[in-house]
Amino acid sequence: MSKIVIALGGNALQEAGKPATAEAELAVVEKTAAYIADIIEKGYDVVLAHGNGPQVGRIVLQNEYADAITPAMPFDVCGAMSQGMIGYHIQQGLSKLLRARGIDKQVVTLVTQVVVDQNDPKFLDPSKPIGPFYKEDEAKAIAADKGYVMKEDAGRGWRRVVASPMPVSIVEIDAVRALIDAGFIAITVGGGGIPVVCGADGNLTGTAAVIDKDLASEKLAEDVDADALVILTAVEKVCLNYNKPDQKDLDRITVNEAKQYMAEGHFAPGSMLPKIEAAVKFAESKAGRAAIITSLDKAVDALAGTAGTTIVQ
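What counts as what
- Counting starts from 1 at the beginning of each chain's written sequence and moves along it residue by residue.
- With pLDDT at 70 or above as the cut-off, local features in this predicted model cover only qualifying residues; side-chain atom pairs require 80 or more to be listed or tallied, and sums for whole chains, interfaces and linings still use all residues.
- To get the side-chain values, all heavy atoms of the structure are used, and hydrogens and water are removed first.
- Note on definitions: angles span 0 to 180 degrees between N-to-C directions of axes, and those axes are lines fitted to C-alpha atoms, for helices only across the stretch in contact.
- Put simply, DSSP marks the helices as runs of H or I at least four residues long and the strands as runs of E at least two long, and each gets a number from the N terminus on.
- Each angle receives one of four descriptions, namely roughly parallel if under 35 degrees, roughly antiparallel if over 145, roughly perpendicular if within 65 to 115, and oblique otherwise.
- Take the far helix as your reference; a near helix turned counterclockwise from it by less than a right angle gives a left-handed crossing, and one turned clockwise gives a right-handed crossing.
- Whether two residues touch is decided by their heavy atoms; if any such pair falls within 4.5 Å, the residues are in contact.
- Following the grouping adopted for this structure description, the nonpolar residues are Ala, Val, Leu, Ile, Met, Phe, Trp, Tyr, Cys and Pro, the charged ones are Asp, Glu, Lys and Arg, and the polar ones are all others, Gly among them.
- In these notes, a set of buried Ala, Val, Leu, Ile, Met, Phe, Trp, Tyr and Cys residues joined through side-chain atoms within 4.5 Å is what counts as a nonpolar core.
- Note on classification: 1.4 Å probe, protein chains only; a residue is buried when its accessible area is under 20% of the maximum for its type, exposed when over 50%, partly exposed between these limits.
- For this document, the term salt bridge refers to a Lys or Arg side-chain nitrogen within 4 Å of an Asp or Glu carboxyl oxygen.
- Each pair of aromatic rings taken from Phe, Tyr and Trp, with Trp reduced to its six-membered ring, is defined by centres within 6.5 Å and is described as stacked if the planes are under 30 degrees apart, edge-to-face if over 60, and tilted in the remaining cases.
- Think of it as a cone above the ring: NZ of Lys or CZ of Arg counts as a charge over the ring if it is within 6 Å of the ring centre and within 35 degrees of the ring normal.

This part covers the packing of helix H6 (residues 213-223) against helix H8 (residues 273-283). Angle between the axes and distance between the axes are the two parameters that describe a pair of packed helices. The contact between H6 and H8 brings their axes to 8 Å, and the two run at 15°. Taken together, the axes of H6 and H8 are roughly parallel relative to one another. Note that H6 runs across H8; the crossing there is right-handed. Every residue of H8 that contacts H6 at Asp214, Leu215, Glu218, Ala221 and Glu222 is listed here: Pro274, Lys275, Glu277, Ala278, Lys281 and Phe282. Among the residues making up the contact of H6 with H8, the classes are represented as five nonpolar, no polar and six charged.

Put into structure tokens, the structure is as follows:
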């Protein structure tokens, strides 16, 4: 196992309860970078992917509140902005750690587009919430004014929702491969990638959607022929009956066992379920591949097989 794709979760970029400032995010990223540097120091070739949920929501909010002064950018452009911002912070934090350890590696962020199918059924039922909560009358006024789809969110208020289509292909994948082959640490498919649809003429057009970053990371891992996909989250192991008296931690499971647990409804949609789906898809894509789900601080141990949940064929 030498080439790995690491999908960073939200806790790797921002701490709960801390201010959403650039300085605070960079401080968190520097802590995250120490764990990534540990992995690189072990000799792994690392490719990084990350989410962008809170960051892109704030960028959208900044654009909309400043609309009277300067035109608001569409959602796909806000996604591109978040890729650049988060990638920049990871470049700074990780490069600093690598220099301190005498590791001669350069970190590069690639603004990445991911093609989605414009006929994906998820476009017919947008479900991914973004941005702030609104009162019902505010939400309906925004929907009428801007054409957004607004939905009530679990009794907490109304939010804008967009589609979450499946990733079809990574536009810049040849550039990613070239960076890896040249020895760079590539940061790519940030936030799941900028969702684009391909027209009959072959031209790409951005669309308002959010691609699940774990599924995009899985596609990336397949396309760069990685040995392992490492999905980092807030918990050390995948569990059955999570937070219940009979909770059971999973150490090493097969694809078929994972599919059975999914069918039994053990994993929450929008939380652990897409991680399991991505892990299963990668593990069954080629013999010898493994997917690991674990916490940031256990990543090195999980790669050694002594922590986390590993899913294999």
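What follows concerns the nonpolar core. By size, the foremost hydrophobic cluster in this structure holds 44 residues, and its most contacted members are Val5, Leu220, Val224, Phe267, Ile276 and Ile311. At seven residues, the largest contribution of residues to this core is made by H8. Look past the residues within four positions of Leu220 in its chain and what remains in contact with it is Val5, Val47, Ala49, Ile170, Ile173, Val176, Thr188 and Val189. If you look at the next biggest cluster of nonpolar residues, it comprises 32 residues, including Leu8, Ala33, Ile86 and Ile185.

This paragraph deals with the pattern of salt bridges. According to the stated counting rule, one finds 17 salt bridges in the structure shown. Lys281 serves as the salt-bridge partner of Glu222, at 3.5 Å between the closest nitrogen and oxygen. Taken together, the positions of Glu222 in helix H6 and Lys281 in helix H8 put the pair 59 residues apart, joining distant regions of the chain. By relative accessible area, Lys281 is classed as partly exposed at 38%. We note a salt bridge from Lys237 to Asp251, for which the minimum N-O separation is 2.4 Å. You can see Lys237 sitting in the loop between strand S12 (228-233) and strand S13 (239-240) and its partner Asp251 sitting in the loop between strand S14 (248-249) and strand S15 (252-254), a full 14 residues away along the chain. Owing to a relative accessible area of 44%, Asp251 belongs among the partly exposed residues under this scheme. Several salt bridges share partner residues, and in doing so they unite Asp38, Glu41 and Arg101 into one network.

Let us look at unusual backbone geometry. Even without glycine at this site, Val189 takes up a positive phi of about 40°. Positionally, Val189 belongs in the loop between strand S9 (185-187) and strand S10 (194-198). Accessibility expressed as a relative area gives 1% for Val189, which makes it buried. The phi dihedral of Asn241 is positive, around 55°, even though this residue is not glycine. If you trace the backbone, Asn241 turns up in the loop between S13 and S14. Classification of Asn241 by relative accessible area gives partly exposed; the value is 22%.

Per the counting criterion, the structure on display carries zero aromatic pairs. A cation over a ring is seen here: Arg159 above Phe133, with NZ or CZ 4.7 Å from the ring centre. Seen from the ring of Tyr148, Arg160 lies directly overhead, with NZ or CZ sitting 3.7 Å from the centre.

Read these as spatial facts, not as claims about activity.
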